[in-house]
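Understanding the architecture of this molecule
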Number of protein chains: 2
Amino acid sequence: MRIYLAGPEVFLPDADALADAKRAICARHGATGIFPTDPVHCPQADASAEDWLAIYLRNEAHIRGADALIANLTPFRGPSADAGTVYELGFMRALGRPIAAYANSAVPFTERTRAFLGEAARQRPDGAWEDSEGLHLESFGLHDNLMIDGGIEAAGGALIRRAVPAADRWRNLDAFEEALRSVMKSS
Amino acid sequence: MRIYLAGPEVFLPDADALADAKRAICARHGATGIFPTDPVHCPQADASAEDWLAIYLRNEAHIRGADALIANLTPFRGPSADAGTVYELGFMRALGRPIAAYANSAVPFTERTRAFLGEAARQRPDGAWEDSEGLHLESFGLHDNLMIDGGIEAAGGALIRRAVPAADRWRNLDAFEEALRSVMKSS
């Protein structure tokens, strides 16, 4: 089984080491891990005049060629996961193939958003929360925006959340391995 | 043409008014605007024990039943767009149907991320930027994460960016109408 490894690891200074570590865990479980920066046959990308578009097209080709996707949804520069990872999760859900996810944070979305907003978060008379412009905060006890949790649930996938010390959150792969195990079991 | 209206307007206290306004603009251009909270035939959602999952399933049914999607990518609680909207954009791109987007902000992604990080952003000797943990900042001059700009570009869609005063950014629909015009022209 070929599994696309979606996540913000590509931004790490030691992205190659993380790619190797994730691929090794996949291999141990009998799967092939595909990291976004792996080479892929994509003539359209090779012909692209724009670096960023070539990267996009290669990632899309990787996802189209994969049997499943595991997303790292650890919150990234804000209350939600990395936007590129979320895009790829939605993309794979639409293709109808297995998706799973993990996050090295166990704090629910509502609490993360309230912490992000700080004093700008305010409680309505009915107990719900809103920001300083009156925009509602989702409060379903989920990990992230309901489209993210919902897509994984609708696909029958697992969303593994682990409380990991902040300093380890980009490199601890225990929750990743648990998500991988769930994908392999369901296949 | 049935167009799914993806965006964080659902969180506004006057979401219904925004839905009406967007639908009216669509009607003026000969299209049918579908707002996420519109009713939709979805037995799976009706049978769901969880409110949040029912909402997810209805949104997914709306997207599957739409001919195109226009996403509001105005930055939402962080440097990137609303995570639910990004998920839906990736979903529709995978379905292969037309997508377009707009943002009531003309500040590039790198600058928004630097502003978000504040003093935690630092410049590398090669001029690139990273955060306090060494994670790279994309610097392609794009509107958001390259998967977002890339998906729209790969689909041949428009991404309209307008500098709108912050107080008007959730309700000014000029850029939305321009994105709609581009979708209607390409159809």
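Residues numbered from 1 in each chain as written. Chains lettered and ligands numbered in written order. Predicted model: local features only at pLDDT ≥ 70, side-chain atom pairs only at ≥ 80, totals over all residues. Heavy atoms only, no water.

1. Observations concerning the packing of aromatic side chains
For the structure on display, the rule yields 11 aromatic pairs over all chains. Between A:Tyr87 and A:Phe91 the ring centres are 6.3 Å apart and the planes differ by 35°, which places this aromatic pair in the tilted class. You can see A:Tyr87 and its partner A:Phe91 sitting in helix α4 (residues 83-95), 4 residues apart, about one turn around the helix. The pair A:Tyr87 / A:Phe91 is uniform in exposure class, with both members buried. By the ring-pair criterion, three or more aromatic residues cluster together here, those being A:Phe11, A:Phe76 and A:Trp170. One Lys or Arg, A:Arg114, reaches over the ring of A:Trp129 and ends 3.7 Å from the middle of that ring. Here the basic side chain of B:Lys22 rests over the ring of B:Phe176, its NZ or CZ set 4.8 Å away from the ring centre. (Phe/Tyr/Trp six-rings, centres within 6.5 Å; stacked < 30°, edge-to-face > 60°. Helix = DSSP H or I, 4+ residues; strand = E, 2+ residues; numbered from the N terminus. Buried < 20%, exposed > 50% of the residue type's maximum accessible area, 1.4 Å probe, protein only. Lys NZ or Arg CZ within 6 Å of the ring centre and 35° of its normal.)

2. Side note on the relation of the copies chain A and chain B
Between chain A and chain B, which share one sequence, the superposing operator has a rotation angle of 180° and an axial displacement of 0.0 Å; the RMSD is 0.0 Å. Taken together, these values place the two copies in the relation of a two-fold axis. Comparing contact sets, 100% of the residues at the interface of chain A also lie at the interface in chain B, consistent with an isologous, same-surface contact. (Least-squares fit on C-alpha atoms with pLDDT ≥ 70 in both. Contact = heavy atoms within 4.5 Å.)

3. Describing the interface of chain A and chain B
Every contact between the two is made by 55 residues of chain A and, on the other side, 55 residues of chain B. In this structure, the connection of chain A to chain B is made through 6 salt bridges. Linking B:Arg93 and A:Glu60 is a salt bridge whose minimum nitrogen-to-oxygen distance equals 2.9 Å. Linking chain A with chain B are 16 residue pairs in polar contact (both at pLDDT 80 or more). (Salt bridge = Lys/Arg side-chain N within 4 Å of Asp/Glu carboxyl O. Polar contact = N/O pair within 3.5 Å; in protein donor to acceptor, adjacent residues only side chain to side chain.)

4. Focus on the environment of A:Arg28
Residue and element names in this part refer to chain A. Tracing the sequence through the fold places arginine 28 in helix α1 (residues 15-28). Note on arginine 28: relative accessible area 60%, which makes it exposed. For the pair arginine 28 and methionine 92, spaced 64 residues apart in the sequence, the C-alpha separation amounts to 24 Å. One polar contact links arginine 28 to glutamate 177, side chain to side chain, over a distance of 3.2 Å.

5. Concerning the domain arrangement of chain A
All names here are of chain A. On domain assignment, one finds that chain A holds domain 1 (2-107 + 145-186) and domain 2 (109-142). Summarising the inter-unit geometry, the C-alpha centres of domain 1 and domain 2 are found 28 Å apart. Taken together, the contact between domain 1 and domain 2 spans 10 residues of the former and 9 residues of the latter. Here domain 1 and domain 2 share an interface that buries about 860 Å² over both sides, 63% of which is from carbon and sulfur atoms. By the criterion of area lost to domain 2, the three top residues of domain 1 are Pro79, Val107 and Leu146, representing 57% of everything that side buries. Here domain 1 and domain 2 share 0 salt bridges between them. For the pair domain 1 and domain 2, the number of links is 4 residue pairs in polar contact (both at pLDDT 80 or more). Looking at the side of domain 1 that touches domain 2 residue by residue, the class counts come to 4 nonpolar, 4 polar and 2 charged. (Domains from an automatic or database assignment. Buried area = accessible area lost by both parts, 1.4 Å probe. Nonpolar A, V, L, I, M, F, W, Y, C, P; charged D, E, K, R; others polar.)

6. Thoughts on the sheet that holds strand β1 (residues 2-6) of chain A
Residue and element names in this part refer to chain A. What the 5 strands build is an open sheet, ordered β2-β1-β3-β4-β7; its pairing is parallel. Each of the sheet's edge strands pairs with one partner strand only, and the pair in question is β2 (32-34) and β7 (159-161). On average, each strand axis in the sheet is inclined to that of its neighbour by 20°, with strand direction left out of account. Strands β1, β2, β3 (68-72) and β4 (99-103) of the sheet are contacted by α1, whose axis makes an angle of about 155° with β2. (Pairing = 2+ DSSP bridges. Axes fitted to C-alpha atoms, helices over the stretch in contact; angles between N-to-C directions.)

7. Thoughts on the packing of helix α4 (residues 83-95) of chain B against helix α6 (residues 146-154) of chain B
All names here are of chain B. Their axes nearest at 10 Å, the elements α4 and α6 cross at an angle of 30°. Crossing handedness for the pair α4 and α6: left-handed. Where α4 approaches α6, its residues Val86, Leu89 and Arg93 are matched on the opposing element by Ile148, Gly151, Ile152 and Ala154. Of the residues belonging to the contact of α4 with α6, the class tally is 5 nonpolar, 1 polar and 1 charged. (Left-handed = near helix turned anticlockwise from the far one by under 90°.)

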